[in-house]
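# Observations on chain architecture
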Amino acid sequence: MKTTPYSTTDAAELYGIPSWSGGWFRVNDKGHVDATPAPGLHATLRDVIDELVQERGESLPVILRFPQILAGRVRQLNEAFRKAIQEYGYTGNYQGVFPIKVNQRRMVVETIAQAGYDYAHGLEAGSKAELALCLAQDMHPNALLCCNGFKDDGFIKLALWGRTLGKNVVITIEKYSELDRILKQARALGVKPAIGVRFKLHARGSGMWEESGGDQAKFGLNAYELLRVVERLREEDMLDSLVMLHTHIGSQITDIRRVKVAVREATQVYAGLVADGVPLKYLNVGGGLGVDYDGSKTTFYVSTNYTMQEYASDIVYTVQETCKAREVAEPTIVSESGRALTAHHAVLIVPVVDVTGPTLDVQAIPPAQEGQHQVVTDMEEILGNISGRNYREMYNDAVGDKQTLHNLFDLGYVNLYDRARGEALFNAILRKVSRQLIGEKYVPDELEDLQKVLADKYICNFSLFQSLPDNWAIGALFPITPLSRLNEEPTRQGTLVDITCDSDGKIEKFIDLRDVKATLPLHALDGDPYYLGFFLMGAYQDVLGSAHNLFGKVSEAHVTARPGGKYHIDLFVRGQKARRMIESMGYEEAMLRESIQEQSAKARKGGTLDPLQEHELLEDYDEELLGYTYLEYENE
Ligand SMILES: *Cc1c(COP(=O)(O)O)cnc(C)c1O
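Bear in mind that the values here come from a model prediction, so they are computed numbers and not experimental data. (Residues numbered from 1 in each chain as written. Predicted model: local features only at pLDDT ≥ 70, side-chain atom pairs only at ≥ 80, totals over all residues. Heavy atoms only, no water.)

## Details of the domain arrangement of the protein chain
Segmentation of the protein chain into domains returns domain 1 (68-200 + 215-248 + 274-288 + 329-343), domain 2 (374-450) and domain 3 (578-626). Look at where the C-alpha atoms of domain 1 and domain 2 centre, and you get two points 62 Å apart. (Domains from an automatic or database assignment.)

This is the structure:
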């Protein structure tokens, strides 16, 4: 065991902060987590929360957004491609586009458009609504506005009008029949389209979204369809409208080799078309640039075995190599990174409201009753016999006895009192076993279950379905750490449960450099508020969340770091109120009020409410309609 005192470096390592933070977060000397959104600037997350809660009286949970981190990521990506282009003497350009489906929030889109202006970084829309939003953004005139997704006439018209506004709109054909629609609308409006074609690579991504690529992919044209598009455009004398070849092999590509293989195939297709006289200009390699959520730098599904610079360099190199071999001009490389730009900028802050678990529940063991069942007596003996040498065996025996206890209860052979005593004994056994485990760094596999059983349940004021939908839906993992006390060794092992009434609303898997952990090291509550930060939440989670149990959108604060460790809360947006959630299900606020008023008037007439109580009831009802949907405790 360690003899030196616990340090903030130990905590940083324990939670893997340097590995996954990308340098945007750190542990400071006092054991608090800081955001470090720009060189020399930092903001202590706990300070921001204390200001919101104590000074402004706001309720949690809250999402903290750092526009400086978003802008920083846009710069990093563009600079990575610039560096690669310079290093290899690549003769084409790079122009990114941000696929707004990853996060359509105003602050996110506007910050990216602004930070990307000088890089001519563009946007990508996948639906009519997204296009309507993108068209209203201030973008560099060369910046691309790519229109992906299946399209109807309205979508195409809007895209064509975009060109007349001076925007560099490219309509991507996702299936063959869209070509006819585009030609028809272009003719009708008298606007010349810029067309891209999405090609179905046989190459595939890796990790969770591997199925997005390959022959069975949902979007894209196969080689024969691609050639027919070219032929058709040539017949129409519109070949010069075909400006972009588009590919996308799925999000969160974990293995850089898959990127290279796909880009090589895409460049071969590009070169083939150019050789055939198609004046293509852009080669769009799609999204997929991953985020190393667990910091392990591996091909594990929540990691990546490459850096952003390696991604950019490998793409530039591969495109160049292939173009050289085929003797075609090097294209403007386009990539559609969404996850990698947005993940880091948002942190969800969640208060722990309570802790339960076998080591914390009521610890008294009720005294033995006369005629106590033998199985209970057996458990009593186990409890007395546990030692450092036999605790595994004793634990297994106890698990068996508890099962027997419950079976006998179901059959009527054990009464409720014996059951209560048996369960209390079992919990006491767990507590004793857990004390044997203290200080053992690696828990053997066969005891992992025990670890889970023993874990405290930290009840957290949030909804998994609203705030971490990908954790529930596809097992995505996000780094989670306490916001403070990181100069203090965490003595508990916990799992997290949310406040929805859904038993799926829990987190029992946590990031780890080697594997996945069943529990998260946490501190015992000491009466002070205990906040957890959920990091790298800015991609997809913000916009996929659902209103399970009518828990609505979370409040958010936009925070800018200032020199000297100062910060400024630029904007605070309150989360959705209960009435909005109720109305979204088809009810009307007035109707609800009316019903309560009618019922309370009746109760008053019937004598169960006096007029003062009726007034209070109506006031309290109103307050909840206007209130935050999450738990609101004083001083939390
Ligand atoms: C979703 C999507 C992206 C974004 O991918 P990330 O991995 O988040 O960067 C890019 N392009 C297309 C076509 C997409 O559908």
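After presenting the structure, the write-up continues.
## A look at the site of the ligand
Surrounding the ligand, one finds 17 residues, the nearest of these being Lys101, Ser251, Glu336, Gly338 and Tyr540. A distance of 2.9 Å separates an oxygen atom of the ligand from a polar atom in the backbone of glycine 288. Here arginine 339 contributes a backbone N or O atom positioned 3.0 Å from an oxygen atom of the ligand. Across the complex, the protein chains shield 92% of the 390 Å² of accessible surface that the ligand would expose by itself. A breakdown of the residues in the shell around the ligand according to their chemical character gives three nonpolar, nine polar and five charged. (Near = heavy atom within 4 Å. Polar contact = N/O pair within 3.5 Å; in protein donor to acceptor, adjacent residues only side chain to side chain. Areas by Shrake-Rupley, 256 points an atom, 1.4 Å probe, with all protein chains shown as cover. Nonpolar A, V, L, I, M, F, W, Y, C, P; charged D, E, K, R; others polar.)

## Some details on the packing of helix 6 (residues 128-135) against helix 7 (residues 153-164)
Interhelical geometry of helix 6 versus helix 7 gives an angle of 15° and a closest axis separation of 10 Å. Accordingly, the angle class assigned to the pair helix 6 and helix 7 is roughly parallel. Between helix 6 and helix 7 lies a crossing of left-handed hand. For the pair helix 6 and helix 7, contact is made by Lys128, Leu131, Ala132 and Leu135 and by Gly154, Phe155, Leu158, Ala159 and Gly162, respectively. Of the residues contributing to the contact of helix 6 with helix 7, the split by class is six nonpolar, two polar and one charged. (Axes fitted to C-alpha atoms, helices over the stretch in contact; angles between N-to-C directions. Helix = DSSP H or I, 4+ residues; strand = E, 2+ residues; numbered from the N terminus. Parallel < 35°, antiparallel > 145°, perpendicular 65-115°, else oblique. Left-handed = near helix turned anticlockwise from the far one by under 90°. Contact = heavy atoms within 4.5 Å.)

## Overview of the environment of isoleucine 365
Here isoleucine 365 is to be found in the loop between strand 13 (346-356) and helix 13 (374-385). Residues isoleucine 365 and phenylalanine 426, 61 residues apart in the sequence, show an inter-C-alpha distance of 9.8 Å. Leaving out residues up to four positions away in the same chain, isoleucine 365 has contacts with Leu383, Arg421, Ala424, Leu425 and Ala428.

## Notes on the pairing of strand 7 (residues 144-147)
Along strand 7, one buried face is formed by Leu144 and Cys146 and the opposite face, lined by Leu145 and Cys147, is buried too. Bridge count between strand 6 (residues 122-125) and strand 7: three bridges; the pairing is parallel. Each bridged residue has a counterpart across the sheet, and for glutamate 124 the counterpart in strand 7 is cysteine 146. Following the backbone out of strand 6, through helix 6 and into the adjacent parallel strand 7, one traces a crossover that is right-handed. By the bridge criterion, four bridges tie strand 7 to strand 8 (residues 168-173) in an arrangement that is parallel. Residue cysteine 146 lies in a different strand from strand 8, and its bridge partner there is valine 170. (Buried < 20%, exposed > 50% of the residue type's maximum accessible area, 1.4 Å probe, protein only. Pairing = 2+ DSSP bridges. Right-handed = clockwise from strand over helix to strand, strands pointing away.)

## Describing the state of the cysteines
Evaluated as defined, the whole model comprises zero disulfides. Of all cysteine sulfurs in the structure, the one in cysteine 501 sits closest to cysteine 460, which takes part in no disulfide; the separation is 16 Å. (Disulfide = S-S within 2.5 Å.)

## Quick notes on the UniProt feature "active site" (unreviewed entry) in the protein chain
Mapped onto this numbering, the UniProt entry gives "active site" (unreviewed entry) at Cys501. Examined against the element boundaries, cysteine 501 turns out to sit in the loop between strand 16 (492-497) and strand 17 (506-507). (UniProt positions renumbered as here; feature names shortened; annotations may be inferred.)

## Quick look at the packing of aromatic side chains
Under the counting rule described, the total for this entry stands at 15 aromatic pairs. Geometrically, the ring pair formed by phenylalanine 150 and phenylalanine 219 is tilted, given 4.7 Å between the ring centres and 45° between the ring planes. Taken as a pair, phenylalanine 150 in the loop between strand 7 and helix 7 and phenylalanine 219 in the loop between strand 9 (195-198) and helix 9 (223-235) lie far apart in primary sequence, 69 residues in all. When the ring of tyrosine 293 is compared with that of phenylalanine 478, the centres are 5.4 Å apart and the planes differ by 85°; the resulting orientation is edge-to-face. Remark: phenylalanine 478 occurs in the loop between helix 18 (469-474) and strand 15 (480-482) and tyrosine 293 occurs in the loop between strand 11 (282-284) and helix 11 (308-326); sequence separation between them is 185 residues. Given the relative accessible area of 4%, tyrosine 293 is considered buried. The class for phenylalanine 478 is buried, based on a relative accessible area of 6%. (Phe/Tyr/Trp six-rings, centres within 6.5 Å; stacked < 30°, edge-to-face > 60°.)

## Re the environment of glutamate 174
Position of glutamate 174 among the secondary structure elements: in the loop between strand 8 and helix 8 (178-189). For glutamate 174, a relative accessible area of 1% corresponds to the buried category. Sequence separation between glutamate 174 and lysine 200 is 26 residues; the distance between their C-alpha atoms is 9.5 Å. Ignoring any residue separated from it by four or fewer positions in sequence, one finds glutamate 174 in contact with Asn148, Gly149, Phe150, Lys151, Arg198, Phe219, Gly220 and Leu221. From its side chain, glutamate 174 meets the backbone nitrogen of glycine 149 in a polar contact 2.6 Å long.

## Some details on the sheet that holds strand 5 (residues 94-99)
If you trace the eight strands once around the closed barrel, you get 5-6-7-8-9-10-11-12, paired in parallel fashion. In this sheet, neighbouring strand axes are inclined to one another by 25° on average, regardless of whether the strands run parallel or antiparallel. Where strand 5 meets strand 12 (residues 332-335), three bridges bridge the pair, whose relative direction is parallel. Each bridged residue has a counterpart across the sheet, and for tyrosine 94 the counterpart in strand 12 is isoleucine 333. Helix-sheet contacts for helix 8 involve strand 8 and strand 9, and the interaxial angle to strand 8 is about 145°.

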